Amino acid sequence: MKLWKILGIAGLTGVAATGAILARDQRKRAQVTPDDVRRKLHERLAELDGQR
């Protein structure tokens, strides 16, 4: 019975940690403006054109 409690607590801890990581990642993405995305895509395109 003690093993099941430990496994349950470990599982809940894992779920909570995963949720926290996903929430942090979502906040980072929400801070990026469409202009930032456009600028980064243009930079990548310029790098690829320069390699050819």
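Within every chain, residues take consecutive numbers counted from 1 along the sequence as written. Given that the model is predicted, a residue must reach a pLDDT of at least 70 before its local features are reported, and side-chain atom pairs must reach 80 or more before they are shown or counted; all residues, however, enter totals for whole chains, interfaces and linings. Computation of side-chain values covers all heavy atoms of the structure but excludes hydrogens and water.

Peer 1: Give me the lowdown on the pattern of salt bridges, citing residues and values where you can.
Peer 2: Salt bridge, as used here, is a side-chain nitrogen of Lys or Arg placed within 4 Å of a carboxyl oxygen of Asp or Glu. Summed over all chains, the structure comprises four salt bridges. Two residues, Asp36 and Arg39, come together in a salt bridge whose shortest N-O distance is 3.8 Å. On the criterion of helical spacing, the pair formed by Asp36 and Arg39 is a turn pair, its members being three residues apart in helix 2 (residues 34-51). When the shortest N-O distance is used, the salt bridge between Arg39 and Glu43 registers 3.2 Å. Of this pair, Arg39 and Glu43 both sit in helix 2, four residues apart, roughly one helical turn. Judged by relative accessible area, Arg39 falls into the partly exposed class, the value being 41%. With a 1.4 Å probe rolled over the protein chains alone, any residue whose accessible area is under 20% of its type maximum counts as buried; one over 50% counts as exposed, and the rest are partly exposed. Taking relative accessible area as the criterion, Glu43 reaches 41% and is therefore assigned partly exposed. Ionic contacts of the salt-bridge type, sharing partners, join the residues Asp36, Arg39 and Glu43 into one network. Numbering goes from the N terminus for both helices and strands, where a helix is a DSSP run of H or I of at least four residues and a strand is a run of E of at least two.

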